[in-house]
Every structure is written in C-alpha cells, then in structure tokens.
Amino acid sequence: MPTKNMIQALNSAMDVVLDRDDDVVIFGEDAGYFGGVFGATQGLQKKYGLDRVFDAPINEAAIVAMAIGMSAKGLRPVAEIQFADYIFPGFDQVVSELSRIRYRSAGQFTTPVTIRTPCGGGIRGGQTHSMSPEAFFTHIPGVKVVMPSNPYDAKGLLIASVESDDPVIFFEPKRIYNGPFNGVPDAPLTSWATHPKGEVPDEHYTVPLGKAEIVRAGSELTIVTYGTLVHVAQSAAEKAGIDAEIIDLRTIVPYDMETIAASVNKTGRVIVAHEAPRTSGFGAELIAQIQEECFYALEAPVARITGWDTPYPHAHEWAYFPGQERFIRTMKTVMEA
Amino acid sequence: MRRFEEKAGQLYGMGLIAGFCHLYIGQEAVVTGIQAALEEGDQVITGYRDHAHMLACGMSANGVMAELTGREGGYSRGKGGSMHMFSRDKQFFGGHGIVGAQVSLGTGLALADQYKGNKKVCATYFGDGAANQGQVYESFNMAKLWNLPVIYVIENNQYAMGTAVKRASSEVELYKRGISFGIPGEQVDGMDVLAVKAAADKAVKHAREGNGPYILEMKTYRYRGHSMSDPAKYRTRDEVNEVREHRDPIDLVKKLIMDAEYASEDDLKEIEKRVKAVVNESAEFAKNSPEPDPSELYTDVLIEA
C-alpha cells in the first residue's frame, strides 16, 4: 500500500474526482499554476487543463460566490481558501447564499460546493494564519463541516464531500499535513509513512460524512475531539496511563452523536477538546447534547480542553495550544471527580 | 407588471402579504427591454425588487403572488417570500435579499456557462446601492479577466433606500465603474423601453460572442417607497409627480403604439382587461392556496442529514 502525507492524500483525492467527473472544477488563490501554497493542487492544472484547475484573484467573497453560481448550474466546484483565517470576506456568501439556496428555492437548486481551507496553529503563524474557525460554520443550517485528522480520512472525506450534493466546508489542520503531531513542540518530526493512516490507496474510496471513528478503545474516560488534537489526546492518554476511549469526530456537522453517546454511557466520564477558543466553541454544543442524552450515566462534570479566549498568539504559541500537559491534567481531574 | 405590483400592494395593505415587499412600479421598461434581448436558456439573477423580473422571465403570476402570501402554491412553496424565489424551469436564479451578493453569484453562473461552452448569457441586475459593494468589483475583475458572458444591469432608480446616489457615491455615473477593469459601459434612458432594448441587444451580442462583460446603467425611477413601510420623505412629491407625468414608461409605450396606429384605444382596453383578469386570478390563487405544512420547516436544508 502506498503511503502519503496529508497533502499528497488531498492531491490524490482531487485527482480522482477530476478524473471521474467533468463537472468538477478546482480553483483558488495560487491553486492553479503554482499548485497551492501548501502544494495540495500541485500538478493538477498541468494534467487537467486551465479550464478545470485555475487561479483566482485574492477575492474570497467572489471565490465563494463563483463556486455557488457554478454549482447551481450543475458543476461541482472545489474552492480553496488559502488559510481559514481568510474566509471571512466570503462568510456572507456562505451564510446567506451557499447554505440556503436549496431551502429558499424549495429544492429546485442545490449547491454542491466544497470549500477546502487549511486551519489551526502550531506553525507560528500568529493570529491571522492559525485560526480554527469551525464553530462559526457549525451555526449555519445547510452546510456540513468536516475536519480530518490523517491522510487516509482526508482523501476519503474529501471525495465524499465533493460527491455530496450538500455544501461542505472542509478544514485541513495544517500542522499535521506532513506528519502526526503529539503536542510536544520540540519532539522530532514524525512522518505519516510510519502511521497506519498514512497508507492511502491511489484509487477512489470514500469515508462517509457524519461518521466518527473510535481511534482508541477504552473503558475509563471518553475524549471527543477532531483534527490535530486527536494525536495529542492519544499520546497524552498513553502517558497518563488512563484507559481513555478517543473519538475522532471527522465530521463536525452533522456529528455522530450515536457513537459519542454509546461511549459516554460506557465510561461515564467525558472530555471534549478543540484548538479553537473556549467560549461558544463547538465543545459547548457537544457538552449540551451529552448532558441531554447521557446525564444519568455521567460520573463527573464534563470537561473542556480548548484554546484560550484570546487571539492566537505568536510569542506564546505553546501556552495557547492545548498540549499534552493540559490533557493529562484535565484527564486526572475528571478521573478524580 | 404594474397591475400585478398594484395588486401586491393592496394585498399587503390587507395583511395578506407580510414582511417585506419591494415594488417595481416606475421601472418596468428596464426589465422589459432587457428580457426582450435575451434568448431561451439565458439566465437571470437579481436582488430583492424582483417580482417584475420573474414575470418578465415568464414565471406565472399565480406562483409569484402565492409566494408573496407564503403559500404552498408559491414558487418556493412559501419558504422564500417576496425576495427569495427561484425557477429552474425559467432559468431564474433569485431573488436575493443581501444587497450586492447576487452580482458575484451571477458572475459565477456565467463562469459555468463559459465552462459548458453553451453560448448562454447571464443578465445580472443590481441597483445603484449595490453598485458600491466591494464584491461587485471583485466580480468585475474576474468577469473581465476571464471574459465571462455576463451583462451587468445597474438599475439606477436614484435612491438606495432613502439615500440619494450623490450622497453615497463618489462617481455618480455608474456606467463608468467598469473602466479600470476594461469593461465597456453605457448609460441608457431606462424609462424608454426601446432605448433599453437597443442597448441590451448590443450588450448581449458582445457577451454572447465571447467578448466578456458589459455594463448597462439604466437611469430609472421608482414611484413607490423602497418597501411598503417607507413613506419616502427623502424626496418631494413634486419630484415623483414630475416623472410620473412626463417620463412614465408605460405612457410612452402607449403613445408609441397609438401614434404608429399599431393598435386602437379599444385594443389596448382589451389587453388591459386581460391583464386585470390574470392579476385578479393570481390574487385569488394566492389567497386560497393552503399554507405549507409545518413539516416543511425541516425539508430542503441538507439532502443527507
């Protein structure tokens, strides 16, 4: 089985959908000739031509709108927003148009757009190149929100997103493009080549939207998370010697409550974790739903591990990033409660 | 169109239409002239003052009126209302309540046409207010960069809600807004349907032949307030009356027809009668069509939830 890092896996996904369906077009800032600032679209313009893989000016609002217009006419555009932090000029188009055209045309038009965008910190990007803005998009009825944590899922989820008739906002945690990251900043870089999820077939396959994965089975405690923190949680659980069950949501909306509830009802203890700020983060939604469905199974208050309610700092990046220490401390607190 | 809008105004007064309702009365020559220059399969997208555009696209008066009253028989089964209607059949892509958002969407529709190589054109309508939105210029840039088959129709009715063009625009000659992108523009008397048609023919030909976008600034005027709740205190009654009396687009057409003896007074009365019948029927239909089932609240959100 060939191994791929996350960029190569995403590239392979786009290669597969471009090859299978002439209605797929890919565009974005630097996405054509240059092949993407992180290289995700490298080689695709050369292979599929200027009509199908092309550069857009630096206009996020119009990029999103172009994709919507094209999708309403039957195409399946994949638009790249270079950094998730740049998406806000296009936010109105997502909120007011992309998510609602199906509803307000009573199903006459659908908008199967996929917006790919790298998110998250850990690369010293500072406040405008490190955000995890997924929670904003979970508050918009009519779009799906996806965030993979490894190359295998990245390819399968991206293909599923492009093939879905619903619009999808596809967040790519850029810290783990080149290898899994356990949250220890000075640890030597590990490669996806040695990780089981770095094995990525060349051909078409999908990972279903809306299905979480239990990446570590356990009995004492449930950790619900997604993206980079999946790896931090796994490593921290090993270090703490706690038999945690770790759930990688993969799709944030619609989220897989069935898998979460089954785990919580078994363990009775839960931590939800994300890199984004705490207040009104997606963890708050998860906790609300967990207490609604699993209240009588809970042995301890549900805890949250998150970024702080501050802009993403440049200088103290690792004080902001929810690393192993915060995980281990919180796991102990929840176990002792 | 005018009789339809008058009837919509009445139904609003009677409480049968709720919320927002932006009437097009006074501006009819614009959409009539532009649509006459389009061919089947060309598409149309506009903002929130959209009822006449739908009628001009050939959508049924019944379906539009029933959407205004929020009934099941409406084009969006009551989910959209005045500003939010679509017709796949008539290639009408809304009906958009966010000022200026439709300009970029229309440009995207044109990009799809170019990709498909179908020689279709997208008529993208917006007002003098929307002309100041940033994404309009993002769209102009892309449209010319890629030579997209789109015509931008700026319906300059002089007021963005209550703000006169000169109070909000540094350059009030809106047809010049494409100059720095290399997009040709023209100012047209939007009260004269023949002038509109002639300009539209030229613009549509330009776009259809692969020469890229074209801007038409239509100088027009709306007689009613911005919406039903607007008493229009930002302009004088005299100003409105002056336009009504001397520049009314429908009176002009009537005069042209009579002068050239295309039809007699009686013929026109007969047409008027037929129009009234269609409009009255639409009002009856809109009153009697049932409200949508509450279960419709959750349909058409996500396909696979």
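Residues numbered from 1 in each chain as written. Chains lettered and ligands numbered in written order. Predicted model: local features only at pLDDT ≥ 70, side-chain atom pairs only at ≥ 80, totals over all residues. Heavy atoms only, no water.

### Points about the overall build of chain B
In plain terms, the rule: The helix and strand labels rest on DSSP assignments: H or I over at least four residues marks a helix, E over at least two residues marks a strand, and numbering proceeds from the N terminus. Just to be clear, the radius of gyration here is over C-alpha atoms, and the globule rule we use is 2.2 Å times residues to the power 0.38. Only protein chains enter the accessibility calculation, which uses a 1.4 Å probe; a residue whose area is less than 20% of its type maximum is buried, one above 50% is exposed, and one in between is partly exposed. Any two residues having at least one pair of non-hydrogen atoms within 4.5 Å are treated as being in contact. Residues scored as positive are Lys and Arg, those scored as negative are Asp and Glu, and His as well as the terminal groups of each chain are ignored. To locate a charge, take NZ of a lysine, CZ of an arginine, CG of an aspartate or CD of a glutamate.
The number of helices and strands found in chain B is 11 helices and seven strands. Expected size for 305 residues packed as a compact globule is a radius of gyration near 19 Å; at 19 Å, chain B falls within 12% of this value. Principal-axis analysis of the C-alpha atoms gives chain B an extent of 60 × 50 × 40 Å. Looking at chain B as a whole, 52% of its 305 residues are labelled buried. Within chain B, residue pairs in contact and separated by at least 24 positions form 72% of the contacts whose partners lie at least 6 positions apart. Counting 36 positive and 43 negative side-chain charges, chain B places the averaged centre of each group 2 Å from the other.

### Remarks on the interface of chain B and chain A
Just so we agree on the cut-off: Throughout, buried area stands for the accessible area (probe radius 1.4 Å) lost by two parts on being put together, summed over both. When a carboxyl oxygen of Asp or Glu lies within 4 Å of a side-chain nitrogen of Lys or Arg, that pair is called a salt bridge. Whenever two N or O atoms come within 3.5 Å, that pair is a polar contact, provided that in protein one can donate a hydrogen and the other can accept it, and provided that, for residues adjacent in sequence, both atoms are side-chain atoms.
With 43 residues of chain B at the contact, the number on the chain A side is 44 residues. Of all residues in chain B, the largest losses of buried area upon contact with chain A belong to B:Arg88, B:Tyr115 and B:Ile303, amounting jointly to 18% of the total for that side. Linking chain B to chain A there are two salt bridges. One salt bridge in this structure joins B:Asp300 and A:Arg102, with 3.6 Å as the shortest N-O distance. Run the count over chain B and chain A and you get 18 residue pairs in polar contact (both at pLDDT 80 or more). For the side of chain B that touches chain A, the elements supplying multiple residues, two or more each, are α5 (101-116) and α6 (134-145) of chain B. Counting residues per element, the side of chain B that touches chain A draws most heavily on α5(B), at 11 residues.

### Let's talk about the nonpolar core
For the record, the criterion: By nonpolar core is meant a set of buried Ala, Val, Leu, Ile, Met, Phe, Trp, Tyr and Cys residues that side-chain atoms within 4.5 Å join together. As annotated, the domain borders come from an automatic or database domain assignment.
A:Phe27, A:Val94, A:Ile115, A:Leu249, A:Ile260 and B:Phe126 are the most contacted members of the largest nonpolar core, which has 76 residues in total. Per element, the largest residue contribution to this core is nine residues, and it comes from helix α3 (residues 60-72) of chain A. Of the residues that make up this core, three or more belong to each of domain 1 (6-198) and domain 2 (213-336) of chain A. Other than its neighbours up to four places away in sequence, A:Phe27 contacts A:Phe54, A:Ala56, A:Ile63, A:Met66, A:Ala67, A:Met70, A:Pro77, A:Val78, A:Ala79 and A:Glu80. With 56 residues, the next largest nonpolar core counts A:Ile159, A:Val200, A:Ile271 and A:Val334 among its residues.

### Section: the sheet that holds strand β8 (residues 221-225) of chain A
All names here are of chain A. Under the convention used in this document: Pairing between two strands requires that DSSP report at least two bridges joining them. Each axis is a line fitted through C-alpha atoms, taken for helices only over the stretch in contact, and angles between the N-to-C directions span 0 to 180 degrees.
Sheet architecture is open: five strands sit in the order β7-β9-β8-β11-β12, paired in mixed fashion. Edge positions in the open sheet fall to β7 (213-216) and β12 (303-307), since each of these has one partner strand only. In this sheet, adjacent strand axes meet at a mean angle of 25° when their direction is disregarded. In this sheet, strand β9 (residues 244-248) lies alongside β7 in antiparallel orientation, the contact comprising three bridges. Residue pairing across strands places Glu213 opposite Asp248, the latter belonging to β9. The strands that helix α8 (residues 229-240) touches are β7, β8, β9 and β11 (270-277); relative to β9, the one it contacts most, it runs at about 175°. Against the sheet, helix α12 (residues 324-336) touches β8, β11 and β12, its axis set at about 165° to β12.

### Some points on the packing of helix α9 (residues 257-267) of chain A against helix α10 (residues 282-294) of chain A
Residues and elements named next belong to chain A. Rules: Here is the rule for angles: anything less than 35 degrees is roughly parallel, anything more than 145 is roughly antiparallel, 65 through 115 is roughly perpendicular, and the remaining ranges are oblique. We call a crossing left-handed when the near helix sits turned anticlockwise from the far one by less than a right angle, and right-handed when that turn is clockwise.
Taken N-terminus to C-terminus, the directions of α9 and α10 make an angle of 60°; their axes are 10 Å apart at the nearest point. Taken together, the axis directions place α9 and α10 in an arrangement best described as oblique. Considering the relative orientation of α9 and α10, their crossing is right-handed. Together, Met257, Ile260, Ala261, Val264 and Asn265 of α9 and Leu286, Gln289, Ile290, Glu293 and Cys294 of α10 make up the contact between the two elements.

### A look at α10(A)
Our working definition: Given the number of residues in a helix, its expected span is that number minus one, multiplied by 1.5 Å.
With 13 residues, α10(A) ought to run about 18 Å at 1.5 Å a step, and its terminal C-alpha atoms sit 18 Å apart, in line with that. Buried residues belonging to α10(A) abut α6 (134-138), β8, β10 (251-253), α9, β11 and β12 of chain A.

### Considering the packing of aromatic side chains
All names here are of chain A. Quick note on the threshold: Between the rings of Phe, Tyr and Trp (Trp by its six-membered ring), a pair exists once the centres lie within 6.5 Å; its type follows the angle of the planes, with under 30 degrees stacked, over 60 edge-to-face, and the other angles tilted. Put simply, a charge is over a ring when the Lys NZ or the Arg CZ is close to the ring centre, within 6 Å, and near the line of the ring normal, within 35 degrees.
Inspection of the entire model under this criterion finds 25 aromatic pairs over all chains. Plain terms: the ring middles of Tyr255 and Phe282 are 5.5 Å apart, the flat faces sit at 85° to each other, and that makes the pair edge-to-face. In this pair, Tyr255 is assigned in the loop between β10 and α9 and Phe282 in helix α10, connecting sequence segments 27 residues apart. Neither residue differs from the other here; Tyr255 and Phe282 are each classed as buried. Through successive ring pairs, a cluster of aromatic residues spans Phe88, Phe91, Phe136, Phe137 and Phe171. The positively charged end of Arg175 is found above the aromatic ring belonging to Phe181, 3.7 Å away from the centroid.

### What to know about a nonpolar patch on the surface
Threshold: Distance thresholds for patches are 9 Å for like charges and 5 Å for nonpolar side chains (Val, Leu, Ile, Met, Phe, Trp, Tyr), applied to residues having over 30% relative accessible area and no salt bridge. Per-residue accessibility takes into account occlusion by the displayed protein chains alone, with areas from the Shrake-Rupley method and a 1.4 Å probe.
A contiguous nonpolar patch, built from B:Leu194, B:Leu252 and B:Leu256 and spanning about 240 Å² of accessible area, is present on the exposed surface. Examined against the element boundaries, B:Leu252 turns out to sit in helix α10 (residues 249-259).

### Looking at the domain arrangement of chain A
All names here are of chain A. Note the following rule: Amino acid classes used here: Ala, Val, Leu, Ile, Met, Phe, Trp, Tyr, Cys and Pro are nonpolar; Asp, Glu, Lys and Arg are charged; the rest, including Gly, are polar.
Along its sequence, chain A is carved into domain 1 (6-198) and domain 2 (213-336). Each of domain 1 and domain 2 has a C-alpha centre, and the two are 25 Å apart. Across the boundary between the two partners, domain 1 contributes 35 residues, which contact 31 residues of domain 2. Summed over both sides, the interface between domain 1 and domain 2 buries roughly 2500 Å², with carbon and sulfur atoms accounting for 58% of that surface. A per-residue breakdown of the area domain 1 buries against domain 2 is headed by Arg124, Met147 and Phe181, which together make up 21% of the total. As a salt-bridge pair, Glu213 and Lys197 come within 2.9 Å of each other at their nearest N and O atoms. Taken together, domain 1 and domain 2 are joined by 14 residue pairs in polar contact (both at pLDDT 80 or more). Of the residues that constitute the side of domain 1 that touches domain 2, the class distribution is 15 nonpolar, 14 polar and six charged.

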